[in-house]
Amino acid sequence: MQNNPNTTLVTPIAPIATTTHGGRAKCLQRLSRLDLPVPTTVALSFDAVHDIANGHLPDIEAILGEFPQDALLCVRPSSEDPDWGGPSAILNIGMNDARYEVLCATLGTDAASALFTRFVQSYAIHVDRLDPDMFDDVTGEGPGALQQVLQAYEVEQEIPFPTTRAEQLAGVLKSMARAWEGTSARLLRQAKGAPADAGLGLVVQQMAYGVGQGECGSGVLQLVSSKTGLPQITGRYLRQSQGRDALLGDASLFISRDPRGPSLEECVPDCFAQLVEHARLMRTRLREEMQVEFTIENGELHILDGVRVARSSRAAVRIAVQLARDKVIPIQDALMRIEPGTLNELLHRQVDRHAKRDVLGTGIAASPGAATGKLVFTATEAQASAARDEDCILVRRETSPEDIRGMHAAKAIITERGGITSHAAVIGRGIGLPCVVGVGDIRFQTRKSQLLTKDGRVIPAGETVTVDGTNGVILLGAPEMQEAALDDAFQDLMDWADAERDIGIRANADTPADAQTARNFAAQGIGLCRTEHMFFEPGRLTVMREMIFAETSDDRRAVLERLLPMQRTDFVQLFKIMQGQPVCIRLFDPPLHEFLPTDRDGQHGLADALGLPLSDVIRRVEAMVEYNPMLGLRGVRLGVTVPEIYEMQARAIFEATIEASRDGDPVEPEIMIPLVSAKREVELVKSRIDAIAAAVRTEKGTDFTFRLGVMVETPRAALRAGDIAQHCSFLSFGTNDLTQMTYGLSRDDAGRFMSDYVRQEVFDEDPFHSLDIDGVGELLTLGAQRGRTSRPGITLSLCGEHGGDPESIAFCRAAGFDYVSCSPFRVPVARLAAAQLAIGHKIQ
Ligand code: PEP
Ligand code: MG
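Here the structure is a predicted model, which is why all the values come from computation and not from measurement.

What follows deals with the packing of helix α18 (residues 488–500) against helix α33 (residues 827–843). Interaxial distance between α18 and α33 falls to 8 Å at its minimum, and their mutual angle equals 50°. Viewed along their axes, α18 and α33 adopt a mutual orientation that is oblique. Crossing handedness for the pair α18 and α33: left-handed. Taking contact as the criterion, the partners of F490, L493, M494, D495, A497, D498 and E500 in α18 are, on α33, P828, R831, L832, A835, A838, I839 and K842. Per-class residue counts for the contact of α18 with α33 are 9 nonpolar, no polar and 5 charged.

Written out as structure tokens, the structure reads:
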């Protein structure tokens, strides 16, 4: 049997691989190579187990021949990835009356009875699939209880409990093999990422009893904390126990010295010392933090297994980084071990994984992190709460610029409508505020200031709720939280990522605060500054509205003169914070509906500012309402029809450039024209901007350079990128609008039915979240090719929300883009994802 690839004795040289025998079998082989005291083990391959499920048993006698005749055995699953699960382990195979007699003499009657009783019960439940209730009437312990379970078995099965080791082992193998092939197990593991044809291996191991005379027991030990990843010897040990029982009860001992009670370290110091030594050896030789599963039998230590230490995201980073620092693994390995998305859990507070959750509703996870507060239903109430130092959660049907102050005052936002690129979502991600949008399963009764949940609960204003923006869930109450952890391990990981990656990462940042966050996360510049967002602040919002409402050129010019210094100050701040790194400023792209006052307060404010009767303002608001504002007077269309606005912005940018370059690194601003669909639009805007640049140079007597680019976010711009590229030095793909227009799918409304579409597999994923490679991706490829052919060396980038999504970054990298730009808080995720792509590319 030694070299039979399907049924193999585990030795240092046996033909065992994770891909054929599973992770557990491979790990046991590695432990045997380290000369650790591992009991005799036989590994069954995926093929062998598949054959068993189809009715072809391996040579059971040959397997048993590897073990002493009187040994009890256990069988445990060994899938390729431990996270894919598998059937429960069955211990003590081989128990029968004869073995019982012998064990009564050697271990004592109680211990022998406990072993036998436990075996009969688990055999009945897991192998014969009998109802666990059948043992409800069993009372007491010892031989009495054993007789009762044997009798209950016989009554239920109408045959006595199987007596031979071969018969029992065959039964266990068959039931485990069939369970793995069953539909529910298959679906469960596929949900965890297992392929449809994932195999199961099994290991048959000689039992170390853990019960009996002398020091006996079982337990687990690991060298680091699963929560933080910091060095801390943790685990449990339970005397007179088997398997992982030590983790269940209060009776177990601590592993190392602990003020709360007795420990293995004090009670069995020799075994403790050996265990720590074994765990250290496993760490360096298996190149992973391992949890050691052990049994002590009459004072002698046995190592039954080693499993990867369970870990929080924070611990995963710390463990990988420490292994690399200790030169146990290469830095590239450490980078590949962290799933980029998990960094979100380090960047924001999170609901503790183990906390109890009372779910009120779910929606789209629009901005990660979690926060608790009292429900408020208006931005004003949010500000009032903040003034009282009270944490609040802002609830809106959808948000508009009028809510910005309230959003800043709140700890999290929930909206009934919207998708991943809606106003609340974009702002939430920008300022690092947890946000769930498109919450379809809660009724928002905003007039009554209450929420109505699907299960009929009424949640009024003032109730404490928690928003879990990472998972898109709204919870009642205040579950336990885990704090953000931007520690030295995170910092090292990020530095290593930067040394590996070969695509630039910038941030979308609109305000000095955003820019500072971008800088803190080491973004290589700003890839998109949405200038209209600079006017969301209440004081400025009215001026912006005055400008939109101005009817004559003179009126407009007067308002623009007030806006100019505000913009100049904004740009000077951005340039100074970014310290010579590129800053790409997008000219105004206000979908007008986002700026029109929708409520009485806003309309009043505007009437005051314009000195007009309220009725006039209402009439003019109504006159400006567009049927399709996202396809209306937006972006460059405003620039072409009302040129003074872009002229003012260009002047503000140039004057700020001169000012910021005076005592800092020279600034070369990038100016980006939004929503272009025709070459002529670019020509018109370019000639006006060039004229302003010339005027400012003359007025100030100072020279400067700038780069002009186009945002490719209409399908036509992608198709005509060749013409457009002739007039600009960069193209930045705005995949939010490009997705919206390619699908003809409103980015603000898609949230309502997106989950249905994904559930029914119309879309694999929300295309606003993960780039649609087949459709939108083809436009990107075409646009990039045509742009490059017409203007070799043109800078190409992506600045839609997809810039923070690892799969979309992979697409951009493969298409040869220079950089991607994403929300500041997604920059670390993008840096790691980009590093993994570069490393993966080198390995191939
Ligand atoms: C886009 O459309 O991809 C984009 C980045 O611009 P916005 O989200 O501001 O429309
Ligand atoms: Mg856009």
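Turning to the domain arrangement of the protein chain, a few remarks are in order. Structurally, the protein chain comprises domain 1 (7–206), domain 2 (217–311), domain 3 (351–482) and domain 4 (501–533 + 564–588 + 630–843). One C-alpha centre belongs to domain 2, the other to domain 4; they are set 53 Å apart.

What follows covers the pattern of salt bridges. Under the counting rule described, the total for this entry stands at 50 salt bridges. E670 is the partner of R506 in a salt bridge, and the nearest nitrogen-oxygen pair spans 2.9 Å. Taken together, the positions of R506 in strand β24 (residues 504–508) and E670 in strand β27 (residues 670–673) put the pair 164 residues apart, joining distant regions of the chain. On the accessibility criterion, R506 (7% relative accessible area) is buried. We classify E670 as buried; its relative accessible area is 3%. Among the ionic pairs, R759 bridges to D756, the shortest N-O distance being 3.1 Å. A residue pair is termed a helical-turn pair when its members lie 3 or 4 positions apart in one helix, as R759 and D756 do in helix α30 (residues 751–759) at 3 residues. Given a relative accessible area of 32%, D756 falls into the partly exposed group.

Now for the coordination of the magnesium ion (ligand 2). Only E713 (OE) and D737 (OD) from the protein coordinate the magnesium ion (ligand 2), and they sit 2.1 Å from it. Placement of E713 in the loop between β28 (707–712) and α27 (715–719) and of D737 in helix α29 (residues 735–743) is noted, with a sequence separation of 24 residues between them.

Neighbouring residues of ligand 1: 13 residues in total, closest R530, E713, G734, N736 and R747. In this structure, R586 approaches ligand 1 through a side-chain N or O atom, which is 2.9 Å from an oxygen atom. Within the backbone of N736, a nitrogen or oxygen atom sits 2.6 Å from an oxygen atom of ligand 1. Protein contacts shield 96% of the accessible area of ligand 1, which totals 290 Å² for the unbound molecule. Counting only elements with at least two residues in the shell around ligand 1, the list comes to β25 (526–530) and α29. Among the elements that take part in the shell around ligand 1, α29 stands out by supplying 3 residues, more than any other. Grouping the constituent residues of the shell around ligand 1 by class yields 3 nonpolar, 4 polar and 6 charged.

The next thing to look at is a negative patch on the surface. Taken together, the side chains of D131, D133, D136, D137, E156 and E158 define an acidic patch exposed on the protein surface. Residue position: D133 is located in the loop between α6 (109–127) and α7 (142–157).

A few words on the state of the cysteines. Throughout this description, disulfide means a covalent bond between two cysteine sulfur atoms. Going through the model one piece at a time under the given rule, you end up with 0 disulfides. Looking at the unpaired C584, the closest cysteine sulfur is the one in C799, lying at 7.1 Å.

Next up on the list: the side chain of E713. Buried and unpaired, E713 has no salt bridge, with R586 as the nearest side chain of opposite charge at 4.7 Å. Within polar-contact distance, the side chain of E713 engages the backbone nitrogen of L675 at 2.8 Å.

Attention now moves to the sheet that holds strand β20 (residues 458–460). As summarised here, the arrangement of the 3 strands in space is β18-β19-β20, forming an open sheet in which the pairing is antiparallel. Here the strands that pair on one side only, and so sit at the sheet edges, are β18 (442–445) and β20. Ignoring which end each strand starts from, the neighbouring axes of this sheet average 20° apart. Note that strand β19 (residues 450–453) and β20 share 3 bridges and pair antiparallel.

A separate point is the environment of E416. By the secondary structure assignment, E416 is in the loop between β16 (412–415) and α17 (423–431). The exposure class of E416 is partly exposed, given its relative accessible area of 21%. Sequence separation between E416 and V220 is 196 residues, and the spatial gap between their C-alpha atoms is 47 Å. Discounting chain neighbours no more than four positions away, the residues touching E416 are R396, R397, G438, V439 and F444.

Okay, the pairing of β27 next. Side-chain positions along a regular strand alternate between the two faces of the sheet. Burial of β27 is two-sided: the residues E670 and M672 facing one way and the residues I671 and I673 facing the other way are all buried. The pairing of strand β26 (residues 583–586) with β27 spans 3 bridges and is parallel. Its bridge partner being in β27, C584 is matched across the sheet by E670. As paired strands, β27 and β28 are joined by 4 bridges and run parallel to one another. When the bridges of β28 are listed, I673 appears paired with V710.

Let us now look at the packing of helix α5 (residues 97–107) against α6. It is at 7 Å that the axes of α5 and α6 come closest, and there the two elements cross at 145°. Viewed along their axes, α5 and α6 form a crossing whose handedness is right-handed. For the pair formed by α5 and α6, the contact residues are D97, Y100, L103, C104 and L107 on the first element and T109, A111, A112, S113, L115 and F116 on the second. By residue class, the composition of the contact of α5 with α6 is 8 nonpolar, 2 polar and 1 charged.

Basis of the calculations
- Residues numbered from 1 in each chain as written.
- Chains lettered and ligands numbered in written order.
- Predicted model: local features only at pLDDT ≥ 70, side-chain atom pairs only at ≥ 80, totals over all residues.
- Heavy atoms only, no water.
- Axes fitted to C-alpha atoms, helices over the stretch in contact; angles between N-to-C directions.
- Helix = DSSP H or I, 4+ residues; strand = E, 2+ residues; numbered from the N terminus.
- Parallel < 35°, antiparallel > 145°, perpendicular 65-115°, else oblique.
- Left-handed = near helix turned anticlockwise from the far one by under 90°.
- Contact = heavy atoms within 4.5 Å.
- Nonpolar A, V, L, I, M, F, W, Y, C, P; charged D, E, K, R; others polar.
- Domains from an automatic or database assignment.
- Salt bridge = Lys/Arg side-chain N within 4 Å of Asp/Glu carboxyl O.
- Buried < 20%, exposed > 50% of the residue type's maximum accessible area, 1.4 Å probe, protein only.
- Donors = N, O, S within 2.8 Å, 3.2 Å for Na, K, Ca; no water.
- Near = heavy atom within 4 Å.
- Polar contact = N/O pair within 3.5 Å; in protein donor to acceptor, adjacent residues only side chain to side chain.
- Areas by Shrake-Rupley, 256 points an atom, 1.4 Å probe, with all protein chains shown as cover.
- Patch = residues over 30% accessible without salt bridge, like charges linked within 9 Å, V, L, I, M, F, W, Y side chains within 5 Å.
- Lys, Arg positive; Asp, Glu negative; His and termini not counted.
- Charge placed at Lys NZ, Arg CZ, Asp CG, Glu CD.
- Disulfide = S-S within 2.5 Å.
- Pairing = 2+ DSSP bridges.

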